Amino acid sequence: MDTNRLSATITDALNRQMTNEAHNAQIYLAYAAWASEKGYDGIANFLFRHANEERNHMMKILEYILKRGGKVVISAIPEPGPDPKNVNDCFEKVFKSEVENTTSIYNLVNMSMEQKDWATWNFMQWFVKEQTEEETLAIDLLSKVKIAGGAAAKDDALYTLDQDLGKTPDDAVLAQNVTVEKP
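All of these numbers come straight from a predicted model, not from anything done at the bench.

Peer 1: Any chance you could break down helix α1 (residues 8–37) for me, citing the residues and the numbers?
Peer 2: When the terminal C-alpha atoms of α1 are compared, their 43 Å separation across 30 residues agrees well with the 44 Å that a helix rising 1.5 Å per residue should span. Phi turns positive, to about 95°, at Gly39, one or two residues after α1.

In structure tokens form, the structure reads like this:
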């Protein structure tokens, strides 16, 4: 008896998204290693934590495919690309990667809606919210780097930024969670 509750196109899209999450983890790992090599231990710690978070996203999708009776396909992960030129470039690349990931997730949400696959649509809502957090966090990081001097940031500003990022929480405050009492 066939227990698969996913269409072939949804299964393919979920498998591609799973690989995309693994690729994002590799990007964060590469940038974390770069930051560590440059002496930015706080930035490296922040990026290492996010690499782990991306791997967790990958596992969520893998488990979902299995629980819906689909076939998991493990594919090669693309290389993360060249090292950042500086801290500003690092976080610009992080933001770009997150926006690309958001687009991919939105495509999956649209596909599940078109196919009336409400289980997948509902499952993907967690990722929609997560991407809102990821993009907000990346924008916040870019703002901090800009205040520090952007691509031309001086060592003392980068030192302070590095110290701050080592303590920065992994979650961003989302607009939908803001109140007058808790802006």
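From this point, the discussion proceeds with the structure in view.
Peer 1: Got a sec to walk through the nonpolar core? Specific residues and values, please.
Peer 2: Formed by 28 residues in total, the largest nonpolar core has its most connected members in Tyr31, Ala35, Ile43, Leu47, Val87, Phe91 and Val94. Those elements giving two or more residues to this core turn out to be α1, α2 (41–67), α3 (87–114), α4 (118–148) and α5 (155–167). With seven residues, the single largest contributor to this core is α1. For Phe91, the contacting residues outside a window of four places in its chain are Ile43, Phe46, Leu47, Leu141, Leu142, Val145 and Leu165.

Peer 1: A description of the pattern of salt bridges should follow, citing residues and the corresponding values.
Peer 2: Per the counting criterion, the structure on display carries four salt bridges. Residues Lys96 and Glu100 are paired through a salt bridge, measuring 3.0 Å at the closest nitrogen-oxygen approach. Taken together, the residues Lys96 and Glu100, both in helix α3 and four residues apart, mark about one turn of the helix. When its relative accessible area of 45% is taken as the criterion, Glu100 is described as partly exposed. Where Glu133 meets Lys129, a salt bridge forms, and the shortest distance between an N and an O atom there is 3.6 Å. Of this pair, Glu133 and Lys129 both sit in helix α4, four residues apart, which is roughly one turn of that helix. By relative accessible area, which is 12% here, Glu133 ends up buried.

Peer 1: An account of α3 is needed here, citing residue identities and associated values.
Peer 2: Taking 1.5 Å of rise per residue, the 28 residues of α3 would be expected to cover 40 Å, and the 41 Å separating its terminal C-alpha atoms lies within 8% of that figure. Its side-chain oxygen placed 3.1 Å from the backbone nitrogen of Asn88, Asn86 serves as the N-cap of α3.

Peer 1: Any chance you could break down the environment of Leu137 for me, citing the residues and the numbers?
Peer 2: Along the polypeptide, Leu137 turns up in helix α4. Owing to a relative accessible area of 7%, Leu137 belongs among the buried residues under this scheme.

Peer 1: Any chance you could break down the packing of α1 against α3 for me, citing the residues and the numbers?
Peer 2: One way to put it is that α1 packs onto α3 with a least axis distance of 11 Å and a crossing angle of 170°. Between α1 and α3, the crossing angle belongs to the class labelled roughly antiparallel. Residues Thr9, Ile10, Ala13, Leu14, Gln17, Asn20, Glu21, Asn24, Ile27, Tyr28, Tyr31 and Trp34 of α1 touch α3, and the partners they reach there are Val87, Cys90, Lys93, Val94, Ser97, Glu98, Asn101, Ser104, Ile105, Leu108, Met111 and Ser112. Class assignment for the residues of the contact of α1 with α3 results in 13 nonpolar, eight polar and three charged.

Peer 1: Account for the environment of His57, naming residues and giving values.
Peer 2: Along the chain, His57 falls in helix α2. What makes His57 buried here is its relative accessible area of 2%. Taking the C-alpha atoms as reference points, His57 and Phe127, separated by 70 residues in sequence, lie 8.3 Å from one another. Polar contacts involving the side chain of His57 include one to the side chain of Glu130, which spans 3.4 Å.

What counts as what
- Residues numbered from 1 in each chain as written.
- Predicted model: local features only at pLDDT ≥ 70, side-chain atom pairs only at ≥ 80, totals over all residues.
- Heavy atoms only, no water.
- Helix = DSSP H or I, 4+ residues; strand = E, 2+ residues; numbered from the N terminus.
- Expected span 1.5 Å × (residues − 1).
- Core = buried A, V, L, I, M, F, W, Y, C linked by side-chain atoms within 4.5 Å.
- Buried < 20%, exposed > 50% of the residue type's maximum accessible area, 1.4 Å probe, protein only.
- Contact = heavy atoms within 4.5 Å.
- Salt bridge = Lys/Arg side-chain N within 4 Å of Asp/Glu carboxyl O.
- Polar contact = N/O pair within 3.5 Å; in protein donor to acceptor, adjacent residues only side chain to side chain.
- Axes fitted to C-alpha atoms, helices over the stretch in contact; angles between N-to-C directions.
- Parallel < 35°, antiparallel > 145°, perpendicular 65-115°, else oblique.
- Nonpolar A, V, L, I, M, F, W, Y, C, P; charged D, E, K, R; others polar.

Just distances and angles here, no functional claims.
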